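Summary of the model geometry
The chain contents come next:
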Amino acid sequence: MSYQRSNWLYSAISRKYGPTGLRYYSQKTPRAKAQSKIAQIDAQSQFSPALIDSFHRRHDYLRISLTERCNLRCFYCMPSEGVELSPADHILTDDEIIRLANLFVRSGVTKIRLTGGEPTVRKGLDGIIRRLNELRPLGLQSIGMTTNGIALHRRLPLYIENGLTHLNLSLDTLDPFKFEIMTRRPGHDAVLRSLSTALYSQGLRSVKLNVVIIKGLNDSEVLDFVKLTTDQNISVRFIEFMPFTGNKWDKAKMVPSSQLLDIISREYPSITRAPDELNDTARSWKIPGHTGSLGFISSMSDHFCSSCNRLRLTADGQIKVCLFDAKEVSLRDEMRRGASDRELLNVIGRAVQGKQEKHAGMEDIDVITNRPMILIGGIQPRESGVRSLPRLPAQSFLLNNTPSLPHIHRRWSSSSSQSSLSLTHIGSDGRPCMVDVGSKDATKRSATASGRIYIPRSAYNLVTGSGDVDSTDETIQKARSKGDVMTVAQLAGIMGCKRTSDLIPLCHPIQISNVSVTLTPERDVHPVSQPGDEGALEYSIKCTATVTCEGKTGVEMEALTAVSVGLLTVWDMLKAVAGKEMKIGEIIVAHKAGGKSADFTRDP
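Residues numbered from 1 in each chain as written. Predicted model: local features only at pLDDT ≥ 70, side-chain atom pairs only at ≥ 80, totals over all residues. Heavy atoms only, no water.

For the chain, an unreviewed UniProt entry supplies the name Radical SAM core domain-containing protein and the organism Suillus plorans. Looking at the Pathway (unreviewed entry) heading of the UniProt record, one finds this comment for the chain: "Cofactor biosynthesis; molybdopterin biosynthesis." Comment text from UniProt for the chain, heading Cofactor (unreviewed entry), reads "[4Fe-4S] cluster". (UniProt positions renumbered as here; feature names shortened; annotations may be inferred.)

This is how it looks when you write it as structure tokens:
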């Protein structure tokens, strides 16, 4: 409801029916209560027209990004190659943040939320919260923060003391291993400590847990998150996977909120709709007997644009009126040119007037110029010469980290330089991490791997159709019923190659240009083990896979996976006739080309 309309409604009812009629109207329906509340607020204070858009939406909620930096690398928030940071002098200073916050609050903003990047990595965060808290006499009612919780639990009491009132914690999985896959960093325990600290802190008005649900990754944990509300005063909010530049958004991976509600309703049939906060993005639900509550943020399947009251201020000083709109206006540049508060408010008003009635549909959202979620601001690509997000270096194991890997210890000891050895998938803290390939050039790369499965003569004859095979043997018939061994194994190898990043947790998903898998039955003479022994015939099937791509990382793992899956398929198809006698081995990378490291071909 617009300012003019709600104020008129409040005045009209008061004049005609007096206080009694107004009380009756305000108690009649939830909608009437909300309208009456807005009318009363309007009657008591002026709201700047600059924060009211052409669809009569009042923007009293400001989200301030304090930094573009983050200590996690969540794949749905940041592309795997990383993002480019703004120069340090482009980021708003503390004084500039407070000046803009002061202007917004005096114009009608009552709620401020601090975001990032990750807001806790900004130096002086406690001082910013304290200075924002000084705006309460001007009308500010709450100061919230959205954080990943990695570096929060020790600092949270100070933030609360300085004025923090609301906390949203992001945690997408309760599985520590899956956490490292999704965030490309360790830290699951630290987040849980922060959550525990928040729940038992005095002074926070609300604690919410934000969970981005992605089909096939963490959708199986929905009921586990629901259980957190049993005896904890927490709101668990399930968020639909949203598209941003570089996060490889796929509609098939987005689980609609309605589907999640169906899953929860089957387990908790008594779940009921709960009242929503005014302009809240989440649809709230409550399970009788549970201390906490649930919420669904359905930005994709059922948007809430008609009640949107949010504006965003990016770390580099842009005002952004819609999360999914690439258009931005720089308040930083205006301030640094010497603009007065009145002039700044005019710029804000023009931006707010340009806000659309609703954002685009799922298939139409601009993920080309609308930058990655972590940066929410600026236009891609950035100008040259801009620094990239710092990467955690992959360092060599320290000696006290290597007892479980004795071969690494021995290689370290024999090396003349500690820096000559490193495990690329181990971070500086000794925990697994993905290799950062953001700075690499995309080049043509290829790799060939091979391996062998040793089989008994009977299995060899079955595969090749040579020699005597008892077709009436039940085990022979069972093996044949599975089809052509070589063809099935070849197809399995190709499919396995394409799914390497799903099977090997820290492998990058890459666009493969070509995969060639061949299986060749071989018969050879086994070398003698003792003088005078006669060599015996040895039967095997050799699998060779060659993979090519145009990319930033090699395809050795894809070639090795193709060979391994192909040989395992042969085992599966022949186990009825040769299960105890087969042996898989000699899986190697035989050839590699492309990339910065030298090409090589293994000696036969």
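1. What to know about the side chain of Asp53
Relative to the helices and strands, Asp53 resides in the loop between α2 (30-44) and β1 (61-65). A polar contact is formed between the side chain of Asp53 and the backbone nitrogen of Phe55, at a distance of 2.8 Å. (Helix = DSSP H or I, 4+ residues; strand = E, 2+ residues; numbered from the N terminus. Polar contact = N/O pair within 3.5 Å; in protein donor to acceptor, adjacent residues only side chain to side chain.)

2. Topic: the nonpolar core
Ile112 and Phe238 are the most contacted members of the largest nonpolar core, which has 84 residues in total. Those residues within four positions of Phe238 in sequence are excluded, and the remaining contacts are Val211, Ile213, Val222, Phe225, Val226, Leu260, Ile264, Leu294, Gly295, Phe296 and Ile297. Core analysis: the second largest hydrophobic core is formed by 32 residues, Ala449, Ile453, Cys497 and Met573 among them. (Core = buried A, V, L, I, M, F, W, Y, C linked by side-chain atoms within 4.5 Å. Buried < 20%, exposed > 50% of the residue type's maximum accessible area, 1.4 Å probe, protein only. Contact = heavy atoms within 4.5 Å.)

3. Brief notes about the state of the cysteines
A complete count under the given rule lists 0 disulfides for this structure. Cys74 supplies the cysteine sulfur nearest to Cys70, a cysteine that is in no disulfide, at a spacing of 6.3 Å. Its sulfur unpaired, Cys549 is 9.7 Å from the next cysteine sulfur, which belongs to Cys497. (Disulfide = S-S within 2.5 Å.)

4. Observations concerning the pairing of strand β9 (residues 293-297)
With 4 of its 5 residues buried, β9 lies for the most part within the structure. Sheet topology note: the strand β6 (residues 235-240)/β9 ladder contains 5 bridges and is parallel. Paired with Ile239 across the two strands is Ile297, which belongs to β9. As paired elements, strand β8 (residues 283-286) and β9 share 3 bridges and run antiparallel to each other. Bridge pairing links Arg283 to Phe296 in β9. Connecting the antiparallel pair β8 and β9 is a turn made up of 6 residues, with Gly289 showing a positive phi of about 90°. (Pairing = 2+ DSSP bridges.)

5. Some thoughts on the sheet that holds strand β11 (residues 318-320)
Read across the sheet, 12 strands follow the order β7-β8-β9-β6-β5-β4-β3-β2-β1-β10-β11-β12 without closing on themselves; strand pairing throughout is mixed. Strands at the two margins of the open sheet, each flanked by one partner only, are β7 (272-273) and β12 (329-330). Where β7 lies against β8, 2 bridges are found, and the strand directions are antiparallel. Looking at the pairing, Arg273 lines up with Trp285 of β8.

6. Observations concerning the packing of helix α3 (residues 94-107) against helix α4 (residues 125-133)
For the pair α3 and α4, interaxial distance at closest approach is 10 Å and the crossing angle is 25°. Of the possible angle classes, the one that applies to α3 and α4 is roughly parallel. Between α3 and α4 lies a crossing whose hand is right-handed. The residues of α4 that touch α3, namely those facing Asp94, Asp95, Ile97, Ile98 and Ala101, are Ile128, Arg131 and Leu132. Grouping the constituent residues of the contact of α3 with α4 by class yields 5 nonpolar, no polar and 3 charged. (Axes fitted to C-alpha atoms, helices over the stretch in contact; angles between N-to-C directions. Parallel < 35°, antiparallel > 145°, perpendicular 65-115°, else oblique. Left-handed = near helix turned anticlockwise from the far one by under 90°. Nonpolar A, V, L, I, M, F, W, Y, C, P; charged D, E, K, R; others polar.)

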